Amino acid sequence: MDPLSFYTVSIDYDRRLYRQDIAGSVAHARMLSAQGIIEPDEAAGIIEGLRQIQGEIEGGTFLWRPELEDIHMNIEHRLHEIIGDTAGKLHTARSRNDQIALDVRMYAKEVADQAIEGVDDIRSALLSLAEAHSSTVMPGYTHLQRAQPVLFAHHVLAYFEMLTRDRHRLREAWREADVMPLGSGALAGLPYPLDREAVRMDLGFSRVTPNSMDAVSDRDFLVTFHSAAMLCMIHLSRLAEELVIWSSEEFGFVRLADEFTTGSSIMPQKRNPDFAEIARGKTGRALGNLVGLLTTLKGLPLTYNRDLQEDKEGFFDTVDTLLATLAVFAGMLSTMQVDADRMRDAAQGGNMLATDVADYLVAKGVPFRRAHGIVAELTTYASERSRAIHELSLDEYRRFSDHFEEDVLLITVEASIAARDVLGGTSYEQVRGAIEKAKSRMRSDGVSG
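Residues numbered from 1 in each chain as written. Predicted model: local features only at pLDDT ≥ 70, side-chain atom pairs only at ≥ 80, totals over all residues. Heavy atoms only, no water.

Visitor: I would appreciate a short explanation of the pairing of strand β1 (residues 137-142) in the present structure.
Guide: In the case of a regular strand, side chains alternate between the two sheet surfaces. Relative to strand β2 (residues 145-151), β1 is paired through six bridges, and the arrangement is antiparallel. Residue pairing in the sheet places V137 in a bridge with L151 of β2. With antiparallel pairing between neighbouring strands as the criterion, β1 and β2 make up a hairpin whose turn holds two residues, including H143 at a positive phi of roughly 60°. (Pairing = 2+ DSSP bridges. Helix = DSSP H or I, 4+ residues; strand = E, 2+ residues; numbered from the N terminus.)

Visitor: Is there a simple way to explain the nonpolar core in this structure?
Guide: Within the largest apolar cluster, 104 residues are counted, with the highest numbers of intra-cluster contacts made by F225, F315 and F404. Considering every element that reaches this core, the biggest residue donor is helix α10 (residues 220-246), with 16 residues. Setting aside its immediate chain neighbours within four residues, F225 contacts V111, A112, L170, A173, F315, T318, V319 and L322. Counting 31 residues, the second largest nonpolar core, distinct from the first, contains A29, L32, I75 and V199. (Core = buried A, V, L, I, M, F, W, Y, C linked by side-chain atoms within 4.5 Å. Buried < 20%, exposed > 50% of the residue type's maximum accessible area, 1.4 Å probe, protein only. Contact = heavy atoms within 4.5 Å.)

Visitor: I tried to follow a nonpolar patch on the surface on my own but got confused; where do I start?
Guide: There is a patch of nonpolar side chains on the surface, built from L187, M213 and L302 and spanning about 280 Å² of accessible area. Note on placement: M213 falls in helix α9 (residues 212-217). For M213, a relative accessible area of 36% translates into the label partly exposed. (Patch = residues over 30% accessible without salt bridge, like charges linked within 9 Å, V, L, I, M, F, W, Y side chains within 5 Å. Areas by Shrake-Rupley, 256 points an atom, 1.4 Å probe, with all protein chains shown as cover. Salt bridge = Lys/Arg side-chain N within 4 Å of Asp/Glu carboxyl O.)

Visitor: Sorry, what's going on with the pattern of salt bridges here?
Guide: Where charged atoms from two side chains of opposite charge approach closely, those side chains can pair. Summed over all chains, the structure comprises 36 salt bridges. Here R19 ties to E110 by a salt bridge, and the two come within 2.6 Å at their closest N and O atoms. Placement of the pair is R19 in helix α3 (residues 18-34) and E110 in helix α6 (residues 96-132), with a sequence separation of 91 residues. The exposure class of E110 is partly exposed, given its relative accessible area of 24%. Between D120 and R167 there is a salt bridge; the shortest N-O distance is 2.8 Å. Of this pair, D120 sits in helix α6 while R167 sits in helix α7 (residues 152-177), placing them 47 residues apart in sequence. Here D120 and R167 have matching classes, each one buried.

Visitor: Explain the packing of α6 against helix α18 (residues 428-444) to me, please; I cannot follow it from the model alone.
Guide: Following both chains from N to C, one finds α6 and α18 inclined at 155°, their axes separated by 11 Å at the closest point. Judged by the angle between their axes, α6 and α18 are roughly antiparallel. α18 is crossed by α6, and the crossing has left-handed handedness. Residues D120, R123, S124, L127, A130 and E131 of α6 touch α18, and the partners they reach there are I435, A438, K439 and M442. Tallied by class, the residues present in the contact of α6 with α18 amount to five nonpolar, one polar and four charged. (Axes fitted to C-alpha atoms, helices over the stretch in contact; angles between N-to-C directions. Parallel < 35°, antiparallel > 145°, perpendicular 65-115°, else oblique. Left-handed = near helix turned anticlockwise from the far one by under 90°. Nonpolar A, V, L, I, M, F, W, Y, C, P; charged D, E, K, R; others polar.)

Structure, rendered in structure tokens:
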């Protein structure tokens with residue numbers, strides 16, 4: 001590519017804003033006519049021409065001209081070809097500065113809605129997994145070491161909470177974008193009797209920008225979208241890591257559907273969790289795009305500067321990455337098979353009940369720090385004999401403390417889980433309640449099913 005064109009031509013990527021650009025132009029033409037700035041028949045001709053252009057773009061017959069640089073000039077040039085000099089009146093009381101601000105805000109609202117829908121699809125898939133496995137026991141981990149038994153439903157509901165927060169952040173990104181900037185001109189407003197409120201209502205915005213200089217240079221709403229998308233991708237990356245681990249032969253907790261795995265080029269037995277791995281990798285793109293936009297904004301004086309052309313490629317890339325990843329995870333989770341027996345066997349292994357034994361001693365009056373030391377000695381004793389702590393006899397327990405009685409043998413994985421009957425805990429009762437609350441939250445968010 002010619003270096004000069006590389007710097008100035010944006011049509012290769014900003015053409016995706018054609019629907020927003022045309023919708024904004026239609027609303028602008030209507031307002032100009034209503035305010036007596038252009039004649040009604042001129043507005044009608046402009047609007048008819050714009051509708052024709054939209055049809056050409058969507059029909060694949062529109063000729064994009066790189067020499068015209070951007071989406072605005074390509075559409076205006078074609079409009080002039082269709083209706084003649086009247087096309088030049090469309091740009092009355094408008095600048096490309098407030099025009100692109102409008103286009104990007106409209107697009108940001110649209111993709112935020114799509115992302116929220118994608119998040120809701122994953123939340124639904126997680127909730128279905130929780131309901132189907134409300135009694136499935138698995139090891140809970142800290143430091144990727146087996147720690148305490150938990151319910152699988154409790155584990156996946158943790159991701160439901162993360163995605164719910166992501167939904168709130170995406171909704172906030174939508175709200176920040178929901179401000180109508182058209183009518184700000186290049187930077188100072190315009191010397192025409194504009195009706196900005198009419199344009200706002202026509203385009204479905206809730207309010208208009210109160211300061212023309214801020215309106216043409218503000219990209220905070222994109223930073224908010226990038227931040228929400230990046231954190232959502234990080235949450236999905238964490239889940240992806242667990243799916244990679246769980247689907248390995250060493251764990252065998254889950255089996256991913258064939259459409260979300262690939263084979264090896266030389267090892268026919270392999271089923272690689274490539275989609276989960278790629279999601280981890282793509283998270284870096286979302287983070288990089290956020291940093292890129294922040295770096296672009298950090299030194300800009302008021303008002304519009306051409307640096308802001310750099311706001312779109314990273315934004316579009318993050319949008320594409322996030323929406324694709326949300327769709328992949330919704331499908332991957334809804335088709336995933338869970339091996340409940342394998343999970344439960346893992347929860348039985350090692351010394352997963354050591355904390356419960358320490359709590360048992362505390363209930364018998366032993367200070368927790370002392371109880372912790374006793375159980376540490378017990379676990380060492382059991383490990384040296386290749387046994388789990390729950391496999392010891394009462395006589396063996398009593399070698400370490402006289403506080404152990406017959407009821408210590410009643411400590412089981414199920415008893416451990418049932419004992420954690422505190423709000424937010426992993427007990428059967430608490431998890432059933434959490435599932436019902438999650439379903440209620442989905443309904444309040446307008447998600448059916």
